Amino acid sequence: MGKNRVKNNIRKLRFSRDEMTQQQLAEKVGVTRQTIIAMEQEKYSPSLELAFRIALVFGVPLVEVFSYDAEAEPA
Amino acid sequence: MSFQEKNITVTLVNFTLILGFYLIRVFQMIQAGSFNSTNVFRLWGIIIALAIVVTIFATILTHIFSNIILAIKTKEEPHIEDIQDERDNLIDLRGTKVTYTASSIGVALSMLTFVFGQPPLVMFTLLIFFGVLAQIIGDISRLYLYRRGF
């Protein structure tokens, strides 16, 4: 299985926001905790809508949360 | 184990037991010489009824008992995460695709029995066997995707 090309800083951003738990973030964006875990481990790339919701929760632009690694093998 | 994973596990166990029951009944019929259309189609009815009724009740009972056990363990009201998000939907779609693929192969293999000069009863017997087997394969693929993350 290739690596996911979509990278994210969710874990870093959670800790910089008073150590927000995965459960708290999941409830704020309306997904399960397992989905947050899968995203943090870069096993799952969220939809554009979910990506925007996550960025809104952290109050930062989308590009500060997600980035695209063109060099990585396709997933 | 998440809410969705519990549901899939319950369905997987049910369908595996149903498949076992079906195979035992078919072999018993063949051995007893009662492998005829009346018995086979009655078995079809039993299998379909079992698949629907047992899965519904088993899922409800599993959630009740697992939450009771969790409440006793943690001494708190359990938090049930029963929402279905986009990742659940995608995993479900992939599982359905695997089920349909396995089912299509099963139907084609069942039809092949006509080529070998078998009666239609053999084809119908294999059809439900592959139908249940396809559901099991789909559930295994869903569980695999949940365990892997996606």
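Here the residue numbers are simple positions, counted from 1 along each chain's written sequence. Chains and ligands are labelled by the order in which they are written, letters from A for the one and numbers from 1 for the other. Totals for whole chains, interfaces and linings use all residues, but because this is a predicted model, local features are given only for residues with pLDDT of at least 70 and pairs of side-chain atoms are given and counted only at 80 or more.

Starting at the N terminus, helices and strands are each numbered in turn, a helix being any DSSP run of H or I of at least four residues and a strand any DSSP run of E of at least two. In terms of helices and strands, chain A carries five helices and two strands. Mapped in sequence order, the helices and strands of chain A form the string β-α-α-α-α-α-β. We compute the radius of gyration from the C-alpha atoms alone; for a globule the expected value is 2.2 Å times N to the 0.38, where N is the number of residues. Whereas a compact globule of 75 residues would reach a radius of gyration of roughly 11 Å, chain A reaches 12 Å, a difference of no more than 12%. Exposure criterion: with C-beta atoms placed from backbone coordinates, a residue whose C-beta has 20 or more other C-beta atoms within 10 Å is buried, one with 12 or fewer is exposed, and one in between is partly exposed. When burial is assessed residue by residue, chain A has 23% of its 75 residues classed as buried. By definition, residues are in contact whenever their C-beta atoms, placed on the basis of the backbone, come within 7 Å of each other. Taking contacts inside chain A between residues at least 6 apart in sequence as the whole, the part at least 24 apart equals 63%.

Here the focus is the overall build of chain B. A count of helices and strands for chain B gives four helices and zero strands. For chain B, the N- to C-terminal ordering of α and β elements is α-α-α-α. In terms of overall dimensions, chain B is more spread out than a globule: its C-alpha atoms have a radius of gyration of 19 Å, far above the 15 Å expected for 150 residues. Its C-alpha atoms give chain B principal-axis dimensions of about 60 × 30 × 20 Å. Counting all 150 residues of chain B, 21% fall into the buried class.

With that settled, consider the interface of chain A and chain B. Taken together, the contact between chain A and chain B spans 12 residues of the former and nine residues of the latter. Here the element with the most residues in the side of chain A that touches chain B is helix α3 (residues 33-40) of chain A; it accounts for four residues. In the scheme used here, Gly and all other residues not listed as nonpolar or charged are polar, with Ala, Val, Leu, Ile, Met, Phe, Trp, Tyr, Cys and Pro taken as nonpolar and Asp, Glu, Lys and Arg as charged. Along the lines of polarity and charge, the residues of the side of chain A that touches chain B split into four nonpolar, six polar and two charged.

Before going further, it helps to spend a moment on unusual backbone geometry. Residues and elements named next belong to chain A. One non-glycine residue with positive phi stands out, namely Glu19, at about 50°. The backbone of Glu42 sits at a positive phi, close to 60°, despite the residue not being glycine. Inspection of the secondary structure puts Glu42 in the loop between α3 and α4 (48-58).

All names here are of chain B. Every helix has an expected span of 1.5 Å times one less than the residues it contains. In this model, helix α1 (residues 3-32) (30 residues) spans 43 Å end to end at C-alpha, consistent with the 44 Å of a helix rising 1.5 Å per residue. If you follow the buried residues of α1, they end up packed against α2 (37-74), α3 (86-115) and α4 (120-148). Gly33 sits one or two positions beyond α1 and adopts a positive phi of about 75°.

Let us now look at the environment of B:Ala58. Residue and element names in this part refer to chain B. Position of Ala58 among the secondary structure elements: in helix α2. What makes Ala58 partly exposed here is the crowd of 16 C-beta atoms within 10 Å. Sequence separation between Ala58 and Thr11 is 47 residues; the distance between their C-alpha atoms is 8.3 Å. Those residues in contact with Ala58 that sit more than four places away from it in its chain are Val10 and Asn14.

Residues and elements named next belong to chain B. Here His63 lies in helix α2. Looking at His63, the number of C-beta atoms within 10 Å reads 17, which means it is partly exposed. Separated by 25 residues in sequence, His63 and Asp88 have C-alpha atoms that sit 18 Å apart.

A set of buried Ala, Val, Leu, Ile, Met, Phe, Trp, Tyr and Cys residues, joined through C-beta atoms within 7 Å, is what we mean by a nonpolar core. Core analysis: the largest hydrophobic core is formed by 11 residues, namely A:Ile10, A:Leu25, A:Val29, A:Val31, A:Ile36, A:Ala38, A:Met39, A:Tyr44, A:Ile54, A:Val65 and A:Phe66. At three residues, the largest contribution of residues to this core is made by α3(A). Counting residues in hydrophobic clusters, the runner-up holds 10 residues, among them B:Ile18, B:Phe130, B:Val132 and B:Leu133.

Right, let's get into the packing of α3(B) against α4(B). When two helices pack together, their arrangement is given by the angle between their axes and by how far apart the axes lie. Residue and element names in this part refer to chain B. Orientation of α3 relative to α4, taken along the N-to-C sense of each, is 155°, at an axis distance of 8 Å. On the basis of their axis angle, the class for α3 and α4 is roughly antiparallel. The way α3 lies across α4 gives a crossing that is right-handed. Across the contact of α3 with α4, the residue classes tally to 17 nonpolar, 11 polar and four charged. Helix axes are fitted only over the stretch in contact, all axes being lines through C-alpha atoms; the angle between N-to-C directions runs from 0 to 180 degrees. Each angle gets one of four labels, with under 35 degrees taken as roughly parallel, over 145 as roughly antiparallel, 65 to 115 as roughly perpendicular, and the rest as oblique. Crossing handedness is read from the near helix: turned anticlockwise from the far helix by less than a right angle, it gives a left-handed crossing, and turned clockwise, a right-handed one.

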